[in-house]
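Listed below are the residues making up each chain.
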Amino acid sequence: MECSSMRKHFLLMFCMFVFSATASFANERTENNGNLILKNIPIIPESIKNDLTQYQNVRSAPFRGFNNEGNEIFITTRFGNVSQLHKVRKKGGAREQITFFEEPIGSISRKPGGQLIAFTMDAGGSENNQIFVLDPKNGSSQMLSDGQSRNGGPLWEKNGSRIAYQSTRRNGQSNDVWMMDSKNIDSAEMILESPDGTWWGPSDWSKDGKKILIQNYISITNAKAYLLDIESKKKEMILGSDSTESYNAILSFDRSQKGVFFLTNEFGEFNQLAHKDLATNKISILTKDIPWDIGGFAISTDYKRVAFTVNEGGMGSLYLMDTESKKYRKVKSIPIGLIGGIEFSEDGTKLGLTINSYQTPSDSYVLNLKNNPLLYGSLNRWTVSEIGGLDVSEFVEPKLISYESFDGKMIPAFIYAKECTEPQPVIVSIHGGPESQSRPSFSQRIQLWSKSLGAAVITPNVRGSEGYGKSYLGLDNGFLREDSVKDIGALLDWIEDEPCLDSERVAVIGGSYGGYMVLASATHYSNRLKAAVDIVGISNFVTFLENTEDYRRDLRRVEYGDERDPEMRAFLESISPNNNIEKINVPILVVQGENDPRVPVTESEQVVKSLEEKEKTVWYMNALNEGHGFRKKENRDIYEQTVILFFKRYL
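Being a predicted model, the structure only gives us computed values, none of them experimental.

A. Structural detail: the overall build of the chain. Each helix and strand in the chain was counted, giving eleven helices and 38 strands. Computed over its C-alpha atoms, the radius of gyration of the chain comes to 26 Å, within 12% of the 26 Å expected for a compact globule of 651 residues. Summarising its shape, the C-alpha atoms of the chain cover approximately 100 × 55 × 50 Å along the three principal directions. Taking all 651 residues of the chain together, 57% fall into the buried category. In the chain, the share of contacts with a sequence separation of at least 24, taken over all contacts with a separation of at least 6, comes to 54%.

What follows is the structure in structure tokens.
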């Protein structure tokens, strides 16, 4: 009798345990005051939270500009939940916080000859950016835009009296160019009405304030430039053509104001720095001997010196140019890594920049310049960002590899792998864009995966990635879309031949277009994968194109194809992962931001629903206060913990 009672009690307790465990796994729950919805995701063990503490408290401090005098710099860094604007008064000085918003700061632009700063900020990741003006002395700010439309690219007139910017204010979908008096928000007027759904925005003011250079971005391989007369509102195409495609990124007027500097791929595979004389229409290619893409560009206030960056197979380099002689030289004192955010001080004696490497997060540097435009002095590191107490000497160094794909094309990739003692599980991290590029930057996530999971990480640059020439860039367009997926298949073949890599334990992870690549890889290669993480990914190209925000739909049609064309629509439907759910037989974690204007939340919702209906294993995370990716630390922390738990369980 007593024994039977004990047995019943044990069975009851066991059933309650099983029910409790199942409920904790299958039911929805929320975190972060209800802003983060977790479905089918188990409770995160405290051990994982503790293991990730150091990695989740890494900071960065990218350079954002000089003050008027050039003796202080502005940076953005995070001491709370999101990144805010700070001031640093000297090399190695304290970071003095200037803004205290609940949302991260976007772009910033300081008023010429003054201290006021124009900056952009959205709400909840919606990307409906508004333009504000900030007084850094007292931290006060005022909104200049209408509070409803999407605005960006605030550009001060040379005397600081007016601001030109891009806005969808007219109808919510067209990317028009507007202008306003910085002291009178009621003065806003449209100066260029977008004739189509492509992107239009201001690039530079003439010194006399009568003309503006306008960029018209159609695709990564097709961009034009115009000269806009402000008084007459007439525009004149000065770069590009209506009959042929070429990329032409307008940069600035030259010293004479009768010519312009720009980037172009019209005369070669890569984006070259060029100059055009507007009177004679003569174009001069200035960087013929550099066989890589020119990226960042800055010109001094006196127009005598230019700084530009070069993407050399994923690594960054910096050059200085004399604008009169057009001669240039490489700055050799720059540490090996990635370079961005270059900007001259107003007096032209300094160049601020951001440097990032696999062992150091983004920090701010200042290069002292000499009178000769080609000469420079010392490079000083102004910020040393916190790395959570991590020993960066233990970080795995990325190595450049290449592998052959199905059609003989060589695909570049970076691999992060420890010394081989036994075959390591592999995480393939696929970039978005699709026209982005994986580069060997600081990544606490990759280093965390290496240490806690013992995994090798490979970041491929499949066809369609930038940095390798315009021909490579166009290899995945339209009906060629799945050729880039085949590049992942070829990578899986390469992994099989590597004795230090365990081809039986491979996971894929990626965001945005990379999320589509994850779902497509799961569709085609489920039998070769153990886990897949889709972050704000496209699950159906047709529904994506129909539901993405109006102001970017035409831009995406150029890349993916026009879903209104019956033949293209049928093709896009055929390759969309959500229409091929029965082929997916690998556990999937789906991560989404509710307010995402690029890849709408419906893309994740429909694939999760389809997976559940087919009784597939799927975890789902949706942040109600985020957009295209997580920018708030509290959400990023739980996301990173969940990824580790997911990989530990399935990889």
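B. Quick look at the sheet that holds strand β20 (residues 259-264). Taken together, the four strands give an open sheet; going across it, the order is β19-β20-β21-β22, and neighbouring strands pair in antiparallel fashion. Strand pairing shows two members of the sheet lacking a second neighbour, β19 (248-253) and β22 (283-285), which therefore form its edges. The sheet shows a mean angle of 30° between the axes of neighbouring strands, taken without regard to direction. Bridge count for β20 against strand β21 (residues 272-277) is six bridges, and the pairing is antiparallel. Directly across from F261, in β21, lies its bridge partner H275.

C. How the structure looks around the nonpolar core. Core analysis: the biggest nonpolar cluster contains 55 residues, and I458, W494, I495, Y516 and I588 have the highest contact counts within it. It is helix α6 (residues 513-525) that provides the largest number of residues to this core, a total of eight residues. The residues touching I458, leaving out its near neighbours within four places in the chain, are A413, F414, I415, V426, I427, V428, S429, L491, W494, I495 and L501. By size, the runner-up hydrophobic cluster in this structure holds 42 residues, among which are Y416, V457, V536 and L589.

D. Region of the structure containing the side chain of S182. Position of S182 among the secondary structure elements: in the loop between β13 (176-181) and β14 (184-192). With near-sequence residues (within four places) excluded, S182 lies in contact with L144, W156, G160, S161, R162 and I163.

E. Fine view of the packing of aromatic side chains. Overall, the coordinates contain 23 aromatic pairs when judged by the stated rule. Measuring from ring centre to ring centre gives 5.6 Å for Y468 and Y472, while their planes differ by 65°; the resulting arrangement is edge-to-face. Taken individually, Y468 and Y472 each receive the classification buried, so the pair is uniform in this respect. When the ring of W619 is compared with that of F646, the centres are 5.1 Å apart and the planes differ by 70°; the resulting orientation is edge-to-face. In this pair, W619 is assigned in strand β38 (residues 618-623) and F646 in helix α11 (residues 633-650), connecting sequence segments 27 residues apart.

F. Region of the structure containing helix α5 (residues 481-496). Summarising burial for α5: twelve of the 16 residues are buried, a large majority. Where α5 is concerned, the buried positions are R481, D483, S484, V485, D487, I488, G489, A490, L491, L492, W494 and I495.

G. How the structure looks around the pattern of salt bridges. Under the criterion given, the structure shown has 39 salt bridges. A salt bridge links E394 to K451, with the nearest nitrogen and oxygen atoms 3.8 Å apart. Taken together, the residues E394 in the loop between β30 (376-381) and β31 (398-404) and K451 in helix α3 (residues 444-453) connect sequence positions 57 residues apart. For the pair E394 and K451, a shared accessibility class is recorded, and that class is exposed. Between D502 and R505 there is a salt bridge, and its shortest N-O distance comes to 2.9 Å. Using a relative accessible area of 30% as the deciding quantity, one classes R505 as partly exposed.

H. Geometry of the sheet that holds strand β3 (residues 63-66). Pairing is antiparallel in the open sheet, where four strands are placed in the order β3-β4-β5-β6. Two strands close off the open sheet at either side, each with one partner strand: β3 and β6 (95-97). This sheet shows a mean twist of 35° between the axes of neighbouring strands, independent of strand direction. Both β3 and strand β4 (residues 73-77) contribute to a ladder of three bridges, which runs antiparallel. The residue of β4 that forms the bridge with F66 is I73.

I. Representation of the packing of α5 against α6 within the structure. Relative to each other, α5 and α6 sit at 65°, their axes nearing to 10 Å. The two elements α5 and α6 meet at a crossing, and its hand is right-handed. Contacts between α5 and α6 involve R481, E482, S484, V485, K486, I488, G489 and L492 from the former and Y513, Y516, M517, A520, S521, H524 and Y525 from the latter. The class makeup of the residues in the contact of α5 with α6 is eight nonpolar, four polar and three charged.

J. Here's a closer look at the state of the cysteines. Tallying each qualifying case throughout the model produces one disulfide. Put simply, C420 and C500 are joined by a disulfide, and their sulfur atoms are 2.2 Å apart. As the torsion about the S-S bond is roughly -110°, the C420-C500 disulfide counts as left-handed. Here C500 lies in the loop between α5 and β35 (501-511) and C420 lies in the loop between β32 (410-416) and β33 (424-430), a separation of 80 residues in the sequence. A residue is classified by how much of its surface remains accessible, and C420, at 38% relative accessible area, is partly exposed.

K. Highlighting the environment of V392. Tracing the backbone shows V392 in the loop between β30 and β31. For the pair formed by V392 and Y358, sequence separation is 34 residues and the distance between their alpha carbons is 8.8 Å. Setting aside its immediate chain neighbours within four residues, V392 contacts Q359 and I387.

L. Fine view of the confidence of the model for the chain. Per-residue confidence for the chain gives a mean pLDDT of 93, with 96% of residues at or over 70. For the stretch residues 1-26, pLDDT sits under 50, and the model shows eleven contacts to residues farther than four places along the chain or on other chains.

Cut-offs and rules
Residues numbered from 1 in each chain as written. Predicted model: local features only at pLDDT ≥ 70, side-chain atom pairs only at ≥ 80, totals over all residues. Heavy atoms only, no water. Helix = DSSP H or I, 4+ residues; strand = E, 2+ residues; numbered from the N terminus. Rg over C-alpha atoms; globule rule 2.2 N^0.38 Å. Buried < 20%, exposed > 50% of the residue type's maximum accessible area, 1.4 Å probe, protein only. Contact = heavy atoms within 4.5 Å. Pairing = 2+ DSSP bridges. Axes fitted to C-alpha atoms, helices over the stretch in contact; angles between N-to-C directions. Core = buried A, V, L, I, M, F, W, Y, C linked by side-chain atoms within 4.5 Å. Phe/Tyr/Trp six-rings, centres within 6.5 Å; stacked < 30°, edge-to-face > 60°. Salt bridge = Lys/Arg side-chain N within 4 Å of Asp/Glu carboxyl O. Left-handed = near helix turned anticlockwise from the far one by under 90°. Nonpolar A, V, L, I, M, F, W, Y, C, P; charged D, E, K, R; others polar. Disulfide = S-S within 2.5 Å. pLDDT = per-residue confidence, 0-100.

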